[in-house]
Amino acid sequence: MAQVYVRQTPLPQQPPPVSEQGALGWMRENLFATPVSSALTLLAILLIASVIPDLVRFAFIDAVWSGQDGKACKAPEAGACWAYVRAKIGFFTYGLYPEAERWRVNLVLTAGAVLVGWILWPDARGRAFGALLFFTLYPVVSFGLLTGSPPFPLGWFPGGAPGPFAVWAFPGLLVVAGILGFAFGQRGLVWALAGILVWYAIGLAWREFGLVKVGTHNWGGIFVSLLVASIGIVFSLPLGVLLALGRRSEMPVVRFCSVVFIEFIRGVPLITILFMANFMLPLFVPQEWSPDRLLRPLIGVALFSAAYMAEVVRGGLQAIPKGQYEGAMAMGLNWRQMMQLIVLPQALVLVIPGIVNSFIALFKDTTLVAIAGVFDFLKAIETQREDPAWAGPTISTTGYLFAAVFYFIFCFGMSRYSMMMENRLSSGRKH
Amino acid sequence: MQDKGPGREQQHCIMTVQDSAELPPSGKPFNWRGLFWQCLLMAAILWLGYEAVTNARDNMQARNIPTDFSFWFGTSGFDINQTLISYSAVSTHGRAFLVGLTNTLVVAAAGVFFATIIGFGVGIARLSHNWIVAKLAAAYVELLRNTPLLLQLLFWYNAVLKQLPHPRRSLALPSASLQMPGAATLVAGLGAIVAGYVLIRFSRRDAGGIWQLLARTCGPLLAGVGALMLIFGGTLAGFPAAAGDAFAGMIGFSSGQYGFLNNRGFYLPYPVFAGGMNRVWLVLALGFAAAIIFYLWAGRRQLRTGQQLPRAGIALALTFAPAALVFWLSGAPVGFDLPKPRGFNLAGGWRIYPEFFALLLGLSLYTAAFIAEIVRAGILAVPKGQTEAAGALGLRRQSILKLVVIPQAMRVIVPPLTNQYLNLTKNSSLAVFIGYPDLVQVFAGTVLNQTGAAVQVIAITMAVYLAISLATSVGMNLYNRRMALVER
């Protein structure tokens, strides 16, 4: 019998080579793998070492944190003048909005933040309801709060300003309620009556506790930047959905008009659209209808972002499998039902990352409304730069640094959110 | 038609109208409802158009605004500081339009050039195996992409370029005195490289433990340091600048101050060509033609015989070497108009205005961040199996990139890249905020304010941008079609 030598126990495991493990191994692998890589590492370290300490010194160590005017900031070795930002933060946030009325802005911004958080929070309950509030009730209430004028002419309310509406509104609304009740049964009647009651309650409350009117020429700062961006999104999303549907429509005239609108807007810079809104829009309407100074760029921004939004939504519509369309048609749904119940709910969820991305672009683009004379955040910083009480060598850089941090936090946060949603969506669709 | 696969469909193309709405099966009864809605839409648009036109006519007549294009031939009466074509205050508004258009095109072309270089560099750096380089590139992209372009423009213009010293205290460029690396640095650098390579070689043997670690880490490190010492030897930018200095001496520069940087701009030497230069240009053109012929021939030869030549190197040499020789032989027929301090300002030379510089800087750096992401996505879109297969064939990393990865990545990169070029061109209209006389600033700004012809001016401005966009998208569709043919 031949003898066979077979090892019964495995050899003890060897530790990995020193050069492949631990911090040193990592460094060898990722920083000094080749001569070129080593040289690049050294150059990068040199670059960082020459930039970061200066930046830290400017922004923190040598920075002037408090002071009543720009005296301390004019010292030759002084860094960032945060005292200036502290002194101007009210202006940067609200513009010339009267100090006593700023709670209204805060209320609108907080409500908006809560609503947006609700809509964007993954798996939150009732997101659709939140979206409904954000796109319908919220703009109306915000308009009332910010301008201080009621959402409808006061003449529409009992005891409001006298006018033809005061006489006809009440019986007219009752008739409307009756028709709704007739059309939709008892529930319609109840809803219509409740609506009328709420309407009148708002009117009465307004008459009693009416707000001071604040003209749009007093609006400014971060608040206007956020406002322009939100209005852009509130109006561009529905408009974009319509345009996307129109672009995929079977009706040649509708399709042609949508394509022309979308490609025209996407082919020209936003600035020219703002110029158009500012100079041409007042010419296109009768003189007594000439739109408000703030409204003009808002219209421009809304149309501009609608075209981009339409392309995002179209991507979502195209990503819905054909079987969904066919299934809906096989169920006997008509076009509106198919879109509303089957296609759009899926398509819109699918393009949430795209919507957020175009919102980031929109938010950055709001800085351009300054060309139309709107006092957005950047414009506020730009004008305060030359305030003689503060003007100094570091004021410009301080202001821009502050603005950069603000925009960066917003845009970076949103882009991270969109990436997270993308991952969730793609993992949900993987098999 | 073959199945295109999902990757092709997701490609983001500009304005390719591919709205193949899923049509229901034919044989449907005629859609009267569709006809009704379309008629309604037509009627609404016609009515809106009619209202707009009549209102605009009434409003413009009421405000004495011209309703025709006669302003085009009217005298402009304003000056523009940066012009490529001859222009003065007695020129027409039409001439001003041309000045604005050329300025827009110049800054857009320069921006596209620099943004492409920076963007490809940063995009490739983000995929680097070197951790710190990849992180730096990522930081660049996130920082630039997440702040508004306008903020960046204002920063470059107001916080950087306008804060430079006055002309009398201009920064002279290059600031470091020029010198070759000293003998000691030279020896040390070369020594470090040699030592590094010895260590790398040594580590290939089965040395164990700490020795191996030392050898494998310190080898590349030493060689890298050596290379840096050679390149940046004596002073910052010493070595390449030294070569430049020798050249400068040849064409008659004396001092080391070629350029100045101050709050009125960037002053560079302006080349003045003597008559002998014509010969050089001719030889350069001939060399270029020869290089192209050689390049094509070498490609054919490789296909036939499988033998490779260093095509790019030889083509470059063919282009420039004869021209350089003729340049040398005809006694360097080029002089330089150097900027010189005069009074409170600088005179002569070639002045790059801070407005242009800031716009170029802002546009290129901002767009480069987006291009970097496109490049990264394009390279990542090439399946890893391609790289591995190329490696298995024995190609080096360089060749894998050049021959396998980049050609496939380009197909994914080019459509969104064109989109970015268009964005850059459209974004150049932000020039109006820092006063660079581009199309919008000159025409939609000054001319509009002077003539009041808002409708005409804005329509013309928009038409120009629209024409650029449409021309690009037509070109893009052609490119896509060509690429699709190559696809198997």
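### A look at the overall build of chain B
A count of helices and strands for chain B gives 16 helices and eight strands. Taking all 488 residues of chain B together, the buried fraction comes to 32%. For chain B, the share of sequence-separated contacts (at least 6 apart) that also reach a separation of at least 24 residues comes to 74%.

### So, the overall build of chain A
Within chain A, the secondary structure is distributed over 16 helices and zero strands. The C-alpha atoms of chain A give a radius of gyration of 30 Å, which is well past the 22 Å a tight globule of 431 residues would have. Taken over the C-alpha atoms alone, chain A extends approximately 110 × 85 × 40 Å along its principal axes. The 431 residues of chain A split such that 35% are buried. Considering only contacts in chain A between residues 6 or more positions apart, those separated by 24 or more positions represent 63%.

### Focus: the interface of chain A and chain B
Opposite the 64 residues of chain A that make contact, chain B presents 66 residues. When residues of the side of chain A that touches chain B are traced back to their parent elements, those giving at least two are helix 1 (22–30), helix 2 (35–61), helix 9 (252–267), helix 10 (270–284), helix 12 (322–330), helix 15 (377–384) and helix 16 (395–429) of chain A. At ten residues, helix 16 of chain A tops the list of elements feeding residues into the side of chain A that touches chain B. Residues of the side of chain A that touches chain B, tallied by class, amount to 41 nonpolar, 14 polar and nine charged.

### Structural notes on helix 8 (residues 222–247) of chain A
Here helix 8 of chain A spans 35 Å end to end across 26 residues, near enough to the 38 Å set by a 1.5 Å rise per residue. Within helix 8 of chain A, 22 of the 26 residues are buried, which leaves it mostly tucked inside the rest of the structure.

### Topic: the domain arrangement of chain B
With domains assigned, chain B is organised as domain 1 (36–65) and domain 2 (93–164 + 349–486). Its C-alpha centre places domain 1 of chain B at a distance of 38 Å from the equivalent point of domain 2 of chain B.

### Brief notes about the packing of helix 8 of chain A against helix 14 (residues 352–365) of chain A
All names here are of chain A. Close contact between helix 8 and helix 14 brings their axes to 9 Å; oriented N to C, the two are set at 140°. With respect to helix 14, the element helix 8 is oriented oblique. Helix 14 is crossed by helix 8, and the crossing has right-handed handedness. Contact residues: helix 8 offers A229, G232 and I233, while helix 14 offers F359, L362 and F363. Here the residues of the contact of helix 8 with helix 14 are counted per class, giving five nonpolar, one polar and no charged.

### Re the environment of F129 of chain A
Residue and element names in this part refer to chain A. Considering the arrangement of structural elements, one finds F129 in helix 5 (residues 127–135). On the neighbour-count criterion, F129 (11 C-beta atoms within 10 Å) is exposed. Through-space distance from the C-alpha of F129 to that of G267 is 36 Å; in sequence the pair is 138 residues apart.

### Comments concerning the environment of A244 of chain A
Residue and element names in this part refer to chain A. With respect to the helices, strands and loops of the structure, A244 is situated in helix 8. Separated by 73 residues in the primary sequence, A244 and L317 have C-alpha atoms spaced 8.2 Å apart. Dropping the residues within four chain positions of it, A244 is found in contact with A310, V313, R314 and L317.

### Some remarks on the packing of helix 11 (residues 295–319) of chain A against helix 13 (residues 335–350) of chain A
The geometry of a pair of packed helices is captured by two quantities: the angle between their axes and the separation between those axes. Residue and element names in this part refer to chain A. Taken N-terminus to C-terminus, the directions of helix 11 and helix 13 make an angle of 120°; their axes are 8 Å apart at the nearest point. Here helix 11 lies oblique to helix 13, going by the angle between them. Relative to helix 13, the crossing made by helix 11 is right-handed. Facing helix 11, whose interface residues are V313, G316, L317 and A319, helix 13 presents V343, A347, L348 and L350. In terms of residue class, the contact of helix 11 with helix 13 is built from seven nonpolar, one polar and no charged.

### Looking at the nonpolar core
In this structure, L274 of chain A together with L153 and L359 of chain B are the most contacted members of the largest nonpolar core, which totals 154 residues. In terms of residue count, helix 11 (residues 354–380) of chain B provides more of this core than any other element does, 16 residues in total. For L153 of chain B, the residues in contact, after removing those within four places along its chain, are A358, L359, G362, L430, F433 and I434 of chain B. V64, A80, C81 and A83 of chain A belong to the second largest nonpolar core, which has nine residues in total.

### A closer look at the confidence of the model for chain B
Residues and elements named next belong to chain B. Summing up the model confidence of chain B, the mean pLDDT is 81 and the portion of residues at 70 or higher is 82%. Within the model, the stretch residues 1–20 combines pLDDT values under 50 with 23 contacts to residues more than four positions away or in other chains. Note that residues 175–179 has pLDDT below 50 and, in this model, 14 contacts with residues that lie over four places away or in other chains. Under the prediction, the complex receives an ipTM of 0.84, its pTM being 0.83.

About the criteria used
Residues numbered from 1 in each chain as written. Chains lettered and ligands numbered in written order. Predicted model: local features only at pLDDT ≥ 70, side-chain atom pairs only at ≥ 80, totals over all residues. Helix = DSSP H or I, 4+ residues; strand = E, 2+ residues; numbered from the N terminus. Buried ≥ 20, exposed ≤ 12 C-beta atoms within 10 Å, placed from the backbone. Contact = placed C-beta atoms within 7 Å. Rg over C-alpha atoms; globule rule 2.2 N^0.38 Å. Nonpolar A, V, L, I, M, F, W, Y, C, P; charged D, E, K, R; others polar. Expected span 1.5 Å × (residues − 1). Domains from an automatic or database assignment. Axes fitted to C-alpha atoms, helices over the stretch in contact; angles between N-to-C directions. Parallel < 35°, antiparallel > 145°, perpendicular 65-115°, else oblique. Left-handed = near helix turned anticlockwise from the far one by under 90°. Core = buried A, V, L, I, M, F, W, Y, C linked by C-beta atoms within 7 Å. pLDDT = per-residue confidence, 0-100.

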